[in-house]
Amino acid sequence: MNPNTKKKFGRVDLDVTAFGFGTAPIGNIFRGINEKTSDTMFRKAWDAGIRYFDTAPMYGHGLSELRTGQSLRWKNRNEFVLSSKVGRILKPAQRQTINFEPWVNAAPFTMHFDYSYDGVMRSFEDSLQRLALEHIDICFIHDIDRFTRGNEQPEVFNQAMDGAWKALSNLKEQGLVRAIGVGVNEWEVCHAALEQRDFDCFLLAGRYTLLEQGALDKFLPLCEKRGAAVVVGGGFNSGILATGAVEGAKYNYATAPDDIMIKVRKIEAVCAEYDVPLGAAALQFVVAHPAVPTFMAGTRTLKQLEQNLKWFSIEIPAQFWADLKNNGLLRDDAPVPS
C-alpha cells in the first residue's frame, strides 16, 4: 500500500492518508529533537504525500502543537487533515518549577487535567492559538483510561462523557471541528465511550497490533456497525515490533517479558521465510481492518520516518498472513491485507 493512499474517515465526510504523522516525538519525549530535525521530518512526510497529522497539548507541554503549526502554517489548509486533543489545560510557569518528565526541553507550561465543558472549550481555543492554524479537523478527548488515570478513571470517564462530550458536540454543531472522539490506551474504554455517546472516531494506542487483537472481540465490530473510524497508534507496541526480539526490546514502554519475546521470535521466523520485514508486517496489518483508515506513526529521526514509509510500501504475499494464522500467531478473524 502507498502511504499516501486516501481512505474515508468512517462516516465523516473526510479523507485521510493511510499513513499519518504522529507528533509526540517532536514534543521531545524521552530526549530532545531540535527545530531543524522536526521541520525536516514534516517536509519529508509532506513530500511523501502524507496529509494527516496528529498532535496534542500534552506532547511537550505544548511544544508539539507549536512545532506542528510552524511547519504546516503556510501549507494550503484544505490539503491536510489535523487532529488534536482536549482534557488538559496548560498554564505558564517558571521552568525550574515544572516536572517535565518524560519530556525534555519542553515548553514552559504546567499541565492540569480538565474534562469540564468550560475546560474543554478553553483547551480547544488554546490549541488553536498555539497552532496558529485556521481550524482543527478532528478532536479527541485525551487519556481517560486506566493506564493514565488509575483509580480515578471511573470518575474521570463520567466527567468526560458529560462535560467534554457536550463541549465537543457543540463545536461540531458549529462546524468548528468535523469529527469528535476519544484517544486512549485501552480498547475497553473506547468501547464503553461508544456505547454511551455517538462518537465519530477513536485514537487507540497499542491495543490493535500483530501482538494484540483483543479489540476484535467487541470494540472494532461496534465501530463497523456505527461507522466510527479508528486511528491506531503505537502499532509497534512501543518498540518490539520494529526492533524485533533483541535484548532490551520494549513492549508497552517496559522491557518485553519472556512470553512476548517468544511470540515475536516466532513471527520473525515467518517473516524470514517470506523475506518480509517485521516492521512492514506490523504497519500493514493494522490498516487492513475496515474500521481503521490510518496508522499514526511517530518518529524521532528522519531515518526512522523514511524506514516506516518504506515498510508501508513493501508488497507482502497473501500466504504470509495465512501462515501466521496457521501457526496460531494471528487471530483467525483478523482482517489482513489483500
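Anything mentioned here points back to the structure above.
Computed from a predicted model, the values in this text were never measured in an experiment.

A.B. asks: Hey, could you run me through the nonpolar core in this one?
C.D. replies: For soluble globular proteins, the rule of thumb is that nonpolar side chains tend to be buried together. Among the nonpolar cores identified, the biggest contains 96 residues, and I141, I144, F202, L210, F219 and I240 are the most heavily contacted of them. With nine residues, the single largest contributor to this core is helix α5 (residues 153–173). Setting aside chain neighbours within four positions, we find L210 in contact with L241, K263, I267, L278, A281, A282, F285, W321, L324, L329 and L330. Counting 14 residues, the second largest nonpolar core, distinct from the first, contains V16, A179, A229 and V231.

A.B. asks: What exactly am I supposed to notice about α5 here?
C.D. replies: For an α-helix, 3.6 residues make a turn, and residues three or four places apart therefore share a direction. Between its first and last C-alpha, α5 extends 28 Å over 21 residues, near the 30 Å set by a 1.5 Å rise per residue. The sharpest bend along α5 reaches about 35° and sits at A160. The complete set of buried residues in α5 reads Q153, V156, F157, A160, M161, G163, A164, W165, A167, L168, S169 and L171. In this structure, the buried residues of α5 make contact with β5 (81–86), α3 (117–131), β8 (138–142), α4 (146–149), β9 (179–184) and α6 (187–196). Looking at the residues trailing α5, positive phi occurs at G175, about 80°.

A.B. asks: Got a minute to help me understand the pattern of salt bridges in this structure?
C.D. replies: In a structure, side chains of opposite charge can pair up when their charged atoms sit close to one another. By the definition in use, this model includes 17 salt bridges. As a salt-bridge pair, D200 and K172 come within 2.8 Å of each other at their nearest N and O atoms. You can see D200 sitting in the loop between α6 and β10 (201–205) and its partner K172 sitting in helix α5, a full 28 residues away along the chain. For D200, a relative accessible area of 1% translates into the label buried. Of the charged contacts, one joins D198 and R226 as a salt bridge, the two residues approaching to 3.5 Å between their closest N and O atoms.

A.B. asks: What exactly am I supposed to notice about the sheet that holds strand β4 (residues 52–54) here?
C.D. replies: The pairing of strands in a sheet comes from backbone hydrogen bonds and takes either a parallel or an antiparallel form. Judged by pairing direction, the barrel is parallel, and its eight strands sit side by side in the order β3-β4-β5-β8-β9-β10-β11-β14 before closing back on the first. The sheet shows a mean angle of 25° between the axes of neighbouring strands, direction not considered. In this structure, β5 lies alongside β8, joined through four bridges in parallel fashion. Looking across to β8, one finds that S84 is bridged to C139. Lying over the sheet, α3 contacts β5 and β8, oriented at roughly 135° with respect to β5.

What counts and how
- One numbering rule holds for all chains: residues counted from 1, following each sequence as written.
- For a predicted model such as this one, the threshold for reporting local features is a pLDDT of at least 70, and the threshold for listing and counting side-chain atom pairs is 80 or more; totals across whole chains, interfaces and linings nevertheless cover every residue.
- Excluding hydrogens and water, the side-chain values take into account all heavy atoms of the structure.
- As used here, the term nonpolar core means buried Ala, Val, Leu, Ile, Met, Phe, Trp, Tyr and Cys residues forming a set that is joined through side-chain atoms within 4.5 Å.
- To sort residues, take the accessible area from a 1.4 Å probe on protein chains only and compare it with the maximum for the residue type: under 20% means buried, over 50% means exposed, and anything in between is partly exposed.
- Strands here are runs of E lasting at least two residues and helices are runs of H or I lasting at least four, both read from the DSSP assignment and numbered beginning at the N terminus.
- We call two residues contacting when some pair of their heavy atoms lies within 4.5 Å.
- A helix is expected to reach a length of 1.5 Å times the quantity of its residues less one.
- Values of bend correspond, residue by residue, to the angle between axes fitted over the seven residues ending at that residue and the seven starting there.
- Should a side-chain nitrogen of Lys or Arg be within 4 Å of a carboxyl oxygen of Asp or Glu, the pair is scored as a salt bridge.
- DSSP-based pairing: two strands are paired if at least 2 bridges between them are found.
- The axes used here are C-alpha line fits, helices contributing only the stretch in contact, and every angle between their N-to-C directions lies in the interval 0 to 180 degrees.

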